[in-house]
Amino acid sequence: MKSTYVIKENHEFRRLYHRGKSTANRYLVLYCMKNRRPYNRLGLTVSAKFGGAVQRNRAKRLFREAYRLHESELKQGFDLVLVARTRMLGASCADIEKALRKAARDLHLLEEKEGKQS
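This is a predicted model, so every value here is computed, not measured.

J.: Got a minute to help me understand the pairing of strand S2 (residues 21-24) in this structure?
T.: Within a regular strand, the side chains alternate between the two sheet faces. Alignment of S2 against strand S3 (residues 28-34), held across 4 bridges, turns out to be antiparallel. Note that in S3 the partner of serine 22 across the bridge is tyrosine 31. The turn joining S2 and S3, which pair antiparallel and follow one another in sequence, is formed by 3 residues.

Following this line, the structure appears as structure tokens:
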């Protein structure tokens, strides 16, 4: 079974924007909300103001890759929406990864590792 599904419906995005918790940083805004399912669902938003299709698609690819690399560290049972900010245009994949981890930590979405001291 897949561990993450895609959010595509407009009403699901709007529900997260209005009722979900959010945090923002330099490159992205992360909205999250419990979904009462055993898996996560991910939605990506990149505004037309962000740039042309090439820039928007690159932003979505960077989001997907950063999420894929840290998917195993995230708690399950959440709907997540990532919104790109215009500062993301010149960002590297490592920058986006760091921003995603920080946003997930701020919303307490990261699994606690046993034996790890903070």
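J.: I tried to follow the side chain of asparagine 40 on my own but got confused; where do I start?
T.: Mapped onto the secondary structure, asparagine 40 falls in strand S4 (residues 40-45). At 3.0 Å, the side chain of asparagine 40 and the backbone oxygen of lysine 75 are in polar contact. At 3.0 Å, the side chain of asparagine 40 and the backbone nitrogen of glycine 77 are in polar contact. Not counting residues up to four positions away in its chain, the partners in contact with asparagine 40 are Ser3, Thr4, Tyr5, Asn35, Tyr67, Leu74, Lys75, Gln76, Gly77, Phe78 and Leu80.

J.: Even after reading the chapter, I still don't get empty space enclosed by the protein, so can you show me in this structure?
T.: Where empty space is left can be seen by rolling a probe of water-molecule size over the atoms. Tallied over the full model, the rule gives 1 cavity of 30 Å³ or more. Each pocket or cavity is described by its volume, and for the largest cavity that value is around 30 Å³. Lining the largest cavity, in full, are Leu30, Leu42, Tyr67, Leu74, Leu80, Leu82, Leu100, Ala104 and Leu109. Elements supplying a minimum of two residues to the lining of the largest cavity: strand S5 (78-84) and helix H3 (93-106).

Parameters at a glance
- Residues numbered from 1 in each chain as written.
- Predicted model: local features only at pLDDT ≥ 70, side-chain atom pairs only at ≥ 80, totals over all residues.
- Heavy atoms only, no water.
- Pairing = 2+ DSSP bridges.
- Helix = DSSP H or I, 4+ residues; strand = E, 2+ residues; numbered from the N terminus.
- Polar contact = N/O pair within 3.5 Å; in protein donor to acceptor, adjacent residues only side chain to side chain.
- Contact = heavy atoms within 4.5 Å.
- 1 Å grid on protein atoms, 1.4 Å probe; cavity = no way out; pocket = protein on both sides within 12 Å on 5 of 7 lines; lining within 4 Å.
- Points joined across faces, edges and corners; volume = space filled by probe spheres on them.

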